[in-house]
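# Working through the structure, step by step
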Amino acid sequence: MSNTEQTLSIIKPDAVERNLDNEIKEMFKNKGFSIVKEKKIQIEKPEAEKFYKVHETKPFYNDLCAYLSSSPIVVMVLEKENAVLANRELMGATNPTEAEEGTIRKKYGISIDKNCVHGSDSVENAKIEIDFFFKD
Ligand code: UDP
Ligand code: MG
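This section reports on the structure supplied with the text. (Residues numbered from 1 in each chain as written. Chains lettered and ligands numbered in written order. Predicted model: local features only at pLDDT ≥ 70, side-chain atom pairs only at ≥ 80, totals over all residues. Heavy atoms only, no water.)

## A word on helix α7 (residues 123–134)
Look at α7: 16 Å from first C-alpha to last across twelve residues, which is about the 16 Å you get at 1.5 Å a residue. Within α7 the residues assigned to the buried category are A126, E129, I130, F133 and F134. Along the axis of α7, the buried positions cluster into a sector of 105°, meaning they face one direction only. Turned more than 90 degrees off the buried face of α7, the exposed positions are E124, K127 and I128. Residues of α7 that are buried sit in contact with β1 (4–11), β2 (34–41), α3 (45–51), β3 (73–81), α5 (83–91) and β4 (117–119). (Helix = DSSP H or I, 4+ residues; strand = E, 2+ residues; numbered from the N terminus. Expected span 1.5 Å × (residues − 1). Buried < 20%, exposed > 50% of the residue type's maximum accessible area, 1.4 Å probe, protein only. Arc of directions from axis to C-beta. Contact = heavy atoms within 4.5 Å.)

Right, dumping it as structure tokens:
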């Protein structure tokens with residue numbers, strides 16, 4: 001039975017600054033994802049704070065929000081069978097030093113904060129995050 005899903009992906013400032021957005025998009029396409037929506041934007045810190053609200057009690061919250069709003073990002077809606085989990089697998093572990101071979105974070109991640117990509121962690125959050133950036 002097919003289970004086509006959509007998930008939200010963000011190519012974070014460290015990767016956009018290094019001009020890795022096309023390479024990363026190729027990695028998604030090679031895994032069978034369709035990029036159904038895409039935009040390159042820079043967000044303000046209050047928007048980043050809203051996006052990452054789930055992390056507001058964490059010690060890294062302020063730095064994380066400052067970082068996400070520090071320079072342009074590429075925001076995409078990815079579609080594929082079981083896209084949420086498939087994207088998390090392709091991204092790799094949050095800390096690039098723990099990410100498996102073949103993952104985006106293993107290949108391009110610099111550190112736990114500069115780890116190239118964001119991806120929704122559940123179907124429910126994917127809907128919320130897609131709405132956050134693409135409600136129009
Ligand atoms: N993060 C960080 N320090 C930490 C944990 C997380 O800077 O100790 C950042 C990291 O960039 C991560 C983001 O916060 O991607 C969100 O954390 P989460 O645990 O949701 O990781 P993800 O879902 O991105 O793998
Ligand atoms: Mg997360």
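Now, onward.
## Concerning the site of ligand 1
The immediate surroundings of ligand 1 are formed by K12, H55, F60, L64, R88, T94, R105, I112, D113 and N115. At 2.9 Å from an oxygen atom of ligand 1 is found a side-chain nitrogen or oxygen belonging to K12. In the model, an oxygen atom of ligand 1 is placed 2.9 Å from a nitrogen or oxygen of the H55 side chain. Protein burial of ligand 1: of its 500 Å² of free accessible surface, 78% is covered by the chains. (Near = heavy atom within 4 Å. Polar contact = N/O pair within 3.5 Å; in protein donor to acceptor, adjacent residues only side chain to side chain. Areas by Shrake-Rupley, 256 points an atom, 1.4 Å probe, with all protein chains shown as cover.)

## What to know about the nonpolar core
The nonpolar side chains of a soluble globular protein tend to be buried with one another. By size, the foremost hydrophobic cluster in this structure holds 19 residues, and its most contacted members are I11, I24, F28, F33, I104, Y108 and C116. When contributions to this core are tallied by element, the ones reaching two or more residues are α1 (13–17), α2 (21–30), β3, α5 and α6 (104–108). The element contributing the most residues to this core is α5, with four residues. Aside from chain neighbours lying at most four places away, what touches F33 is F28, L78, E79, K80, A83, A86, N87 and L90. (Core = buried A, V, L, I, M, F, W, Y, C linked by side-chain atoms within 4.5 Å.)

## Remarks on the environment of E81
Locating E81 in the fold gives a position in strand β3. Classification of E81 by relative accessible area gives partly exposed; the value is 34%. Counting along the chain gives 48 residues from E81 to F33, while the straight-line C-alpha distance between them is 8.4 Å. With residues up to four places along the chain from it excluded, the contact list for E81 reads M1, S2, N3, T4 and A86.

## A short note on unusual backbone geometry
Unusually for a residue other than glycine, N82 sits at a positive phi of about 45°. By the element assignment, N82 lies in the loop between β3 and α5. In this structure, C116 is a non-glycine residue whose phi angle is positive, near 70°. Mapped onto the elements, C116 comes out in the loop between α6 and β4.

## Details of the sheet that holds β3
Spatial strand order, β2-β3-β1-β4: four strands in an open sheet with antiparallel pairing. Each of the sheet's edge strands pairs with one partner strand only, and the pair in question is β2 and β4. Within the sheet, the average angular offset between the axes of one strand and its neighbour, ignoring direction, is 20°. Bridging between β1 and β4 involves three bridges; their strand directions are antiparallel. Looking at β4, one finds that S9 is bridged to G119. Of the strands in this sheet, β1, β2, β3 and β4 are in contact with α7, which crosses β1 at around 55°. (Pairing = 2+ DSSP bridges. Axes fitted to C-alpha atoms, helices over the stretch in contact; angles between N-to-C directions.)

## Concerning the layout of surface pockets
If you add up the space inside the largest pocket, you get close to 700 Å³. Around the largest pocket, the lining is made up of 27 residues, and of these Y52, H55, F60, L64 and H118 lie nearest the centre. With four residues, the top contributor of residues to the lining of the largest pocket is α7. Taken together, the residues of the lining of the largest pocket sort by class into ten nonpolar, seven polar and ten charged. (1 Å grid on protein atoms, 1.4 Å probe; cavity = no way out; pocket = protein on both sides within 12 Å on 5 of 7 lines; lining within 4 Å. Points joined across faces, edges and corners; volume = space filled by probe spheres on them. Nonpolar A, V, L, I, M, F, W, Y, C, P; charged D, E, K, R; others polar.)

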